[in-house]
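Residue-level listing of the chains:
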Amino acid sequence: MSATIIETVDITKIYGMGDISVAALNGINLKIEAGEFVAIMGPSGSGKSTLMHILGCLSQPTSGQYILDGEDVSHLDKAQLAAVRNRKIGFIFQAYNLLARTSALRNVTLPLLYNHADAKLSVEDGDQKARAMLELVGLGERVNHQPHELSGGQQQRVAIARALINDPVMVIADEPTGNLDSRSGEEIMNLLHKLHSQGTTIVMVTHDPKIAAHTQRTVILKDGVIDVINHNGNHHPTLEVQHEAA
Amino acid sequence: MKPLEAIRIAWEAILKNKVRSLLTMLGIIIGVAAVIIMVAISAGTEATIQDQITSLGSNLVFVQGAMTRGGPGQAPTGGLVYDDAAAIQDGVSGVKAVVVEQNSSETIKAGDVTLEDVEILGTTTGFPSVRDMDIAEGRYFTDQEIERKTKVAILGYDVAQELFGDASPIGEYIKVGNTQIAIIGVFKEKGLVGNTDFDSRIYMPISVVFQKFTPSMFARFMGDSVRMIYVEVEDGVNQDTVIAGIERLLVKRHDVTTDTEDFTITTQQDIISTRESTTAAFRSLLAWVAGVSLIVGGIGIMNIMLVSVTERTREIGIRQAVGATPADIRLQFLTEALMLSVVGGLIGTLVGISGAYIFGALSDMRTVIQASSILLAFGSAAAVGAFFGYYPANQAAQLDPIEALRYE
Ligand SMILES: Nc1ncnc2c1ncn2[C@@H]1O[C@H](COP(=O)(O)OP(=O)(O)O)[C@@H](O)[C@H]1O
Ligand SMILES: [Mg+2]
């Protein structure tokens, strides 16, 4: 049985005001099920990052509704959004975004610091879990390395371990291989596919059609609306998509 | 975020930038050290005054002559005369001892050594006990010697050292002005009390001073005028009663009214109070100076924290992305500012305490380190850190996560 993780209803995002306002998103209706691996593509400026920010609860839509894991998060305040990010979302950025001069272990435990949920891990348990995550991404030997001592691919794997530490309902990845050479990029994609096979829901922006082709669905944006949705043959049993071009 | 975590993160951030952290703390260090040193100096001064109270006793009443020009149909009066002292001794109850002083200054010669402008204090037999002076060698003069105007002197400690070095001056003669004087004693070292240097004077029977060093043409009709009469009040007797008695007696003797008095009566306590209020004013001035430097230190912290927030915008964005709330970010930077000021306060306290010790050891001034000043300085440093740390911390808390993540 699978549940809906993401459901957006007519989401718009308008930057600026009056004459100079830009509609970065112009009515997005998207549904993503638990366990799905979805790629988001589109030309530069089509609204991919803006959509990812809203899906990742880093910003609020100007209008419309966003239901994440059964909870309407469209009108939460900053602190509530932060708590949702902490509990439900794991981020993977193009630029890794690790804390400098901080060990891989401390980077991975960072989200635990802000975990305000009732069942809190002790520091020891948290460290143990972080070590397990680093083991999972193949960095069990580099727990105490700082980012500048790691290659780009290794840094991105630390970021993936960090994204998973709070058991999120989905992982959001904005061009996770964009800064990597093709070999490291391939390793990262293999890792993401491994996570997906273990049940992780992943929404990923990419420019590379080959990478997108390995996901289950590709959502192509154009000028702030969903242009096409391609099913990549990796069929998902309860796939259900609402698609409305504006 | 747990407060303990906030403290750990702040501590790590401070250690990552040791030199800059130290420079940031400099203002606080100087401010706190200044408060402690300055309070120690003024407390030392007060302790010195307190010692004077104990050494002089607070049961002294000073009667001072005030020259009046006289009004129409009134002769000018010269204030106190020598006989007033005896009258007070005999006519006012509760008086233990009365001492008269009359001073002048002369050149003194002993062998080859000449001292210019040495103060000569003519006084009476009660002087050593009333002013708490001890004879080191020889003896003090007697009532008989005052009566007979015997030309004898007791030297202050410094004068004896300068004229005779370590040799005993007893039995030697010195020339005071043109008068040959026999030395019969030397006082022990007393030091400076208030503005009076007891060690650089010589002491003689007051009658000799009247006759040889302050001859007055009025003396024949008015008696010998004196500058000051010291009255020691008996233990357990109310000072005010004695003061009233002296006033009544002198008003009658001088033929004046209470409005035209040609004398003033003050107590040891009055003089000490004036002095204390002076040091209190001095201390509050110092406190202001120190306070201003603390505020400057606080502005330094705010400045660096604002730079730090800007520099670490990306870090803030990362923390926000993984779930830090505005309150978490605020707590982190506020803790850092507080820690800078508290660590600065600690260093400042160490510098202040050692500075006060060194200052006390190297200078004539006494320093007394006050625990309250340490608490005050430390508390204000922390308050300054919290106050000036709040604005940058709030700036950090309000950053937009997307903007912060995009920051290069
Ligand atoms: N903070 C912003 N302020 C104003 N306009 C913005 C802002 N962010 C994005 N935009 C605009 O919104 C549109 C979509 O941007 P973006 O979501 O970054 O596209 P993509 O990630 O697909 O390149 C673009 O026209 C961009 O200029
Ligand atoms: Mg983009």
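Here, the structure is the one placed above.
None of the values given here were measured: they were computed from a predicted structure. Sequence order as written defines residue numbering, which begins from 1 separately in each chain. Throughout, the order in which chains and ligands are written sets their labels, letters from A for the former and numbers from 1 for the latter. The predicted nature of this model means local features are confined to residues of pLDDT at least 70 and side-chain atom pairs, given and counted, to a pLDDT of 80 or more, with totals for whole chains, interfaces and linings taken over all residues. Side-chain metrics rest on all non-hydrogen atoms present in the structure, leaving aside hydrogens and water.

## Let's talk about the nonpolar core
Line of reasoning, step 1. Among the buried residues, those of types Ala, Val, Leu, Ile, Met, Phe, Trp, Tyr and Cys that are joined through side-chain atoms within 4.5 Å form a nonpolar core. Type-normalised accessible area, obtained with a 1.4 Å probe on protein chains alone, sets the label of each residue: buried when under 20%, exposed when over 50%, and partly exposed for intermediate values. Counting residues in each nonpolar core, the largest one holds 73 residues, and the members touching the most others are A:I6, A:Y66, A:L68 and A:M170.
Line of reasoning, step 2. Should any heavy atoms of two residues lie within 4.5 Å, those residues are considered in contact. Here A:L68 is in contact with A:I5, A:I6, A:C57, A:V73, A:V84, A:K88, A:I89, A:V169 and A:M170, once residues within four sequence places are set aside.
Line of reasoning, step 3. B:V100, B:I146, B:I184 and B:V226 belong to the second largest nonpolar core, which has 44 residues in total.

## Examining the sheet that holds strand β5 (residues 71–72) of chain A
Residue and element names in this part refer to chain A.
Line of reasoning, step 1. We treat two strands as partners when DSSP finds at least two bridges between them. Every helix listed is a DSSP run of H or I at least four residues long, and every strand listed is a run of E at least two residues long, numbered separately from the N terminus. Strand order in the open sheet formed by four strands is β2-β1-β4-β5, and the pairing between neighbours is antiparallel. Two strands lie at the open edges of the sheet, namely β2 (22–33) and β5, each paired on one side alone.
Line of reasoning, step 2. In this structure, strand β4 (residues 63–68) lies alongside β5, joined through two bridges in antiparallel fashion. Paired with L68 across the bridge in β5 is E71.
Line of reasoning, step 3. Lines fitted to C-alpha atoms define the axes here, with helix axes fitted over just the stretch in contact, and angles between the N-to-C directions of these axes take values from 0 to 180 degrees. Here helix α1 (residues 48–55) sits on the sheet and contacts β1 (4–15), β2 and β4; the angle it forms with β1, its principal contact strand, is near 125 degrees.

## Quick notes on the sheet that holds strand β10 (residues 225–231) of chain A
Residues and elements named next belong to chain A.
Line of reasoning, step 1. One open sheet holds the six strands; their spatial order is β6-β7-β8-β3-β9-β10, and the pairing between them is mixed. Single-partner strands in this sheet number two, and they are β6 (89–92) and β10. Within the sheet, the average angular offset between the axes of one strand and its neighbour, ignoring direction, is 20 degrees.
Line of reasoning, step 2. Two strands pair when backbone bridges link them, and strand β3 (residues 37–41) and strand β8 (residues 202–205) are joined in this way by four bridges, in the parallel orientation. By the bridge assignment for β8, V38 is matched with V203.
Line of reasoning, step 3. Together, β6 and β7 (170–174) form the strand contacts of helix α5 (residues 152–164), whose direction differs from that of β6 by roughly 170 degrees.

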